[in-house]
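# Topology and contacts: notes
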Amino acid sequence: ANQGKAFPLILQEFENSGYRVKYALLNAANYGVPQRRERVFIVGFRKDLNINYDFPLPVLSENNHVPLSSVIFNNYEVDKKYHFSEKALSGLAKANPQMGKGRHQDISRPCNTVGSHLAKVSLNSTDPVLKTENGYRRFTPREVARIQSFPDTFQLVGSDSAQYRALGNAIPPVLMWYVAKS
């Protein structure tokens, strides 16, 4: 924000308030989450506590990330409402291939970042979708929860839209566990 001027101001405000802060860019895929999701984490402790924090080292390398296939449902188990219509498929067929529309995920790799607007995902966007034998589909809310590393026991409430919004704005619990444990 502000052409890069906001971040140093945020750090300085924490320092001025008596905190020693550190920050790091972490990719959830490096911590066992089946999603490439890079986020900046800022951790701070009051200076008088003399705590020296170190961010967790990655536990997985680029060659052994958790694949998307480990958390998605078989297409036959997914309600038809999550599959794109024939009209959407014909629109994709007419799209310029160089525009990168209808980007389906390689299920042998971690998923691209899932956002909070997945209820409105279309084949004309660059949001992650799945290619099926007969076309394309979006992720179900439960699949998004799994992609984010929420356990299947985590209760999803509200409409699909509300669930996508909450899950897309969440921090992957597994990644947060590593940050907190560190």
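Predicted model, so just to flag it, every value in this text is computed and none were measured.

### Notes on the confidence of the model for the protein chain
- On average, residues of the protein chain score 91 in pLDDT, and 94% of them are at 70 or above.
- Ranking the helices and strands of the protein chain by mean pLDDT puts helix α5 (residues 173-181) first, with 98, and helix α2 (residues 86-94) last, with 75.

### Notes on the environment of V59
- Residue position: V59 is located in the loop between β2 (38-46) and α2.
- Judged by its relative accessible area of 42%, V59 falls in the partly exposed class.
- Separated by 27 residues in sequence, V59 and G32 have C-alpha atoms that sit 7.3 Å apart.
- Contact partners of V59, with chain neighbours within four places excluded, come to N30, Y31, G32 and Y178.

### Topic: the environment of N75
- On the secondary structure map, N75 appears in the loop between β2 and α2.
- Assessed through its relative accessible area of 16%, N75 is described here as buried.
- Sequence separation between N75 and Y136 is 61 residues, and the spatial gap between their C-alpha atoms is 9.9 Å.
- Among all residues touching N75, those that are not within four sequence positions of it are H83, T132, E133 and R137.

Rules used in this analysis
- Residues numbered from 1 in each chain as written.
- Predicted model: local features only at pLDDT ≥ 70, side-chain atom pairs only at ≥ 80, totals over all residues.
- Heavy atoms only, no water.
- pLDDT = per-residue confidence, 0-100.
- Helix = DSSP H or I, 4+ residues; strand = E, 2+ residues; numbered from the N terminus.
- Buried < 20%, exposed > 50% of the residue type's maximum accessible area, 1.4 Å probe, protein only.
- Contact = heavy atoms within 4.5 Å.

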